[in-house]
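Below, each chain spelled out in residue letters.
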2 protein chains.
Amino acid sequence: MYRHPLSGLTMATVLGLAHLTAHAAPVQIKAPAELPAKATLADVIKASKPSDWRALDPDNTLYLDIPAGRVVIELAPDFAPKHVANIKALVDEQYYDGLAITRAQDNWVAQWGDPNEKNPKPIQHAQRTLPGEFTVPLKNIKSFTRLPDVDGYAPQVGHSNGFPSARDPKTGTAWLTHCYATVGVGRDSASDSGGGTELYAVIGQSPRHLDRDITVVGRVVSGMPLLSTLPRGTAPMGFYDSPEKNVPIKSIRLAASVPPEQRSNLEVMRTDSAAYQAVLEAQRHRGGPWSKVTAGHVDLCNAPIPVREVGK
Amino acid sequence: MYRHPLSGLTMATVLGLAHLTAHAAPVQIKAPAELPAKATLADVIKASKPSDWRALDPDNTLYLDIPAGRVVIELAPDFAPKHVANIKALVDEQYYDGLAITRAQDNWVAQWGDPNEKNPKPIQHAQRTLPGEFTVPLKNIKSFTRLPDVDGYAPQVGHSNGFPSARDPKTGTAWLTHCYATVGVGRDSASDSGGGTELYAVIGQSPRHLDRDITVVGRVVSGMPLLSTLPRGTAPMGFYDSPEKNVPIKSIRLAASVPPEQRSNLEVMRTDSAAYQAVLEAQRHRGGPWSKVTAGHVDLCNAPIPVREVGK
């Protein structure tokens, strides 16, 4: 919503308002006061120290390669240990290679898996289904940096090692939340009907009402535009209406199994760092000159998690 | 995240878990209890009465026609009377025709306007800039159906004639909120530097921190995929890095000025109807068999606003 950053136009030329006022309700408009300048997200990133960042763990990083490029997914074994292990087992036996993205529903999800349900691809060593891991015991989650901001979906929200998460001390449970880029496990009605053969990534407004209702295994840290710009499917629920429209998966690989020179060298800002608190503050209280009001709040899924490429 | 709806597979085959358990933390998993079935969004729409719907007002509906199709925008004159009048004046003089979508930033906005800033297209009768209409007096907004659910960005949120909106009784102001599909007015740093020559639509997670900081003029009610699937720009802020990548605007027309047989005949569910309360309830408390937990909350920007095409 900013105008073109290269704009050299002066916009001060205010023309007579007479003919417009005739159409408009008599609203009194006064220019908002100017806010003092504050550190922006870009400023915070620029001022950050190397220790504010962590490299992705190659043993918990997936590369989803499609013809348009690479999507990098960070897995969260603390929150879905059996599903993450199973997905890694599926990757190890190259289960996903040659399957396809079969669904892209606007403001909802892109989903991939086996397009040939009548004659499904055999699984060698991994599991086809597992009991759902919709929540985990709170005590399993060692790191949690809580947001002070109110949330309507959970008693407590914040970040656990870079993942938006929530928890409920009353039930003693913790879970990953559905935000833009969250990756989860498709399932049928039964809670044990998914296992990782179908995965989805959120490409729209965070569907937080799915939290605790499905197994979340991680998030896309790079390459979201490759999923978010996919043509939307026109069959029910955004599935593609013919096999030709499916987007083929070249491969899914664990970063650790890819030669180092072919890896994506990404770092994620540590969400338990002081720098990340400054990121949140930059979002919560934006300063002038552009901003005229400060929100005073940051929603969990509106909290940016900076990612950078290193070594290039 | 649902599996393929045409799936005929039985998923009950549970293989031995021994080799997986070896990799996984010792988490106790129990299947969640089944929820009773409840009316879904589709059920509510099916059960709705004609009086639960309203036709779009041709005098406040824009057709943004690009090569890929038509985007339908409903304007909200109550919330931005001068800007809506000015945008309609710009449309009337065919200002936008031949301009372009120049920006698509992932999880943020698509934006359109004049790509030729050095030699800008002249404006005949409308204004180039106006004082911002970031909020309006609360008394100007006659219709407001408040959500009971907590919101972090505003004291009160709900819907005003189909638009997600908020208000603050203390300051006596009301405003449209930034949700997916919200349309607003690009501006420079000065609050009076926009006027409607640059417009944007939200294509990602709702950037609610922009509320009250920019003039919102309406929302896209049909055609969002034409904007949300645009290739993301690679120049700063998601602008396209060369003019060839801009997406040309064939025209923007007011529905009232288009022959009836060429109009998009859309109806929007009335957000002050009992049917819409049932929509919210279906989102707030999803039932079985698929859902295992109920969110007990609906976020303003997660509240779907049903739109349907009629007469075809």
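Quick notes on the rules
Residues numbered from 1 in each chain as written. Chains lettered and ligands numbered in written order. Predicted model: local features only at pLDDT ≥ 70, side-chain atom pairs only at ≥ 80, totals over all residues. Heavy atoms only, no water. Helix = DSSP H or I, 4+ residues; strand = E, 2+ residues; numbered from the N terminus. Buried < 20%, exposed > 50% of the residue type's maximum accessible area, 1.4 Å probe, protein only. Contact = heavy atoms within 4.5 Å. Areas by Shrake-Rupley, 256 points an atom, 1.4 Å probe, with all protein chains shown as cover. Pairing = 2+ DSSP bridges. Axes fitted to C-alpha atoms, helices over the stretch in contact; angles between N-to-C directions. Disulfide = S-S within 2.5 Å. Polar contact = N/O pair within 3.5 Å; in protein donor to acceptor, adjacent residues only side chain to side chain. Core = buried A, V, L, I, M, F, W, Y, C linked by side-chain atoms within 4.5 Å.

Chemist: Help me understand the overall build of chain A, please; the structure alone is not making it clear to me.
Modeler: A tally of regular secondary structure across chain A gives 5 helices and 17 strands. Seen along its three principal axes, the alpha-carbon backbone of chain A occupies a region of about 75 × 45 × 45 Å. Residues classed as buried in chain A amount to 58% of the 312 residues present. Partitioning the intrachain contacts of chain A with sequence separation of at least 6 by distance along the chain shows that 73% fall at a separation of at least 24. A total of about 12600 Å² of accessible surface is found on chain A, and carbon and sulfur atoms cover 54% of it.

Chemist: Got a minute to help me understand the sheet that holds strand β1 (residues 53-55) of chain A in this structure?
Modeler: Within a sheet, neighbouring strands are paired by backbone hydrogen bonds and run either parallel or antiparallel to one another. All names here are of chain A. On the basis of which strands lie adjacent, the open sheet formed by 3 strands has the order β1-β16-β17 and antiparallel pairing. Where the open sheet ends on each side, the last strands, each with one partner, are β1 and β17 (307-309). Within this sheet the neighbouring strands show an average axis-to-axis angle of 30°, counted without direction.

Chemist: Is there a simple way to explain the state of the cysteines in this structure?
Modeler: Cysteine pairs can be linked by a disulfide, which is a covalent bond between their two sulfur atoms. Residue and element names in this part refer to chain B. All told, the structure shown has 2 disulfides over all chains when counted by the stated rule. The partner cysteine of C179 in its disulfide is C301, sulfur to sulfur 2.0 Å. Taking the torsion about the sulfur-sulfur bond, which here is approximately -70°, the covalent link between C179 and C301 counts as left-handed. One end of the pair, C179, is in the loop between β10 (173-176) and β11 (182-185); the other, C301, is in the loop between α5 (274-284) and β17 (307-309), and 122 residues separate them in sequence.

Chemist: Can you walk me through the sheet that holds strand β7 (residues 145-146) of chain A in this structure?
Modeler: A sheet is described by the order of its strands in space; here 5 strands give the open sequence β6-β10-β9-β8-β7 (chain A), paired in antiparallel fashion. A strand with exactly one partner marks an edge of an open sheet, and here the two such strands are β6 (136-137) and β7 of chain A.

Chemist: Quick question: what am I supposed to make of the environment of R54(A) here?
Modeler: All names here are of chain A. Checked against the element boundaries, R54 lands in strand β1. Classification of R54 by relative accessible area gives buried; the value is 14%. Sequence separation of R54 and H297 is 243 residues, and the distance between their C-alpha atoms is 26 Å. Every residue in contact with R54, bar those within four places of it in the chain, is listed here: E74, N161, G162, L266, E267, V268 and R270. Engagement of the side chain of R54 in a polar contact is seen with the side chain of E74, the distance being 2.8 Å.

Chemist: How do you make sense of the pairing of strand β5 (residues 109-113) of chain A when you look at a structure like this?
Modeler: Every regular strand shows the same layout, with side chains that alternate between the two sheet faces. All names here are of chain A. Of all the 5 residues making up β5, 5 are buried; the element is thus mostly covered by neighbouring parts of the structure. Neither face of β5 is exposed, since V109, Q111 and G113 on one face and A110 and W112 on the opposite face are all buried. Two elements, strand β4 (residues 100-104) and β5, share 4 bridges in a ladder whose sense is antiparallel. Within β5, the position partnered with A100 by the bridge is G113. The turn joining β4 and β5, which pair antiparallel and follow one another in sequence, is formed by 4 residues; a positive phi near 60° is taken by N107.

Chemist: Would you mind going over the pairing of strand β13 (residues 216-222) of chain B with me for this structure?
Modeler: Residues and elements named next belong to chain B. Burial of β13 is extensive: 6 of the 7 residues sit out of reach of the surface. For strand β3 (residues 69-75) and β13, the ladder comprises 4 bridges, and the chain directions are antiparallel. Residue V72 lies in a different strand from β13, and its bridge partner there is S222. Where β11 lies against β13, 3 bridges are found, and the strand directions are antiparallel. When the sheet's bridge partners are listed, V183 is paired in β13 with G218.

Chemist: Before we go on, may I ask you to explain the nonpolar core in this structure?
Modeler: Soluble globular proteins tend to pack their nonpolar side chains together in the buried interior. Formed by 39 residues in total, the largest nonpolar core has its most connected members in I73(B), W112(B), V217(B), V220(B) and L227(B). Examining the composition of this core, we find that 5 residues originate from one element, helix α3 (residues 81-92) of chain B, more than from any other. With residues near it in sequence (within four places) discarded, L227(B) still touches V71(B), I101(B), A110(B), W112(B), A201(B), I203(B), V220(B) and R232(B). In this structure, L62(A), A80(A), A126(A) and A201(A) belong to the second largest nonpolar core, which totals 38 residues.

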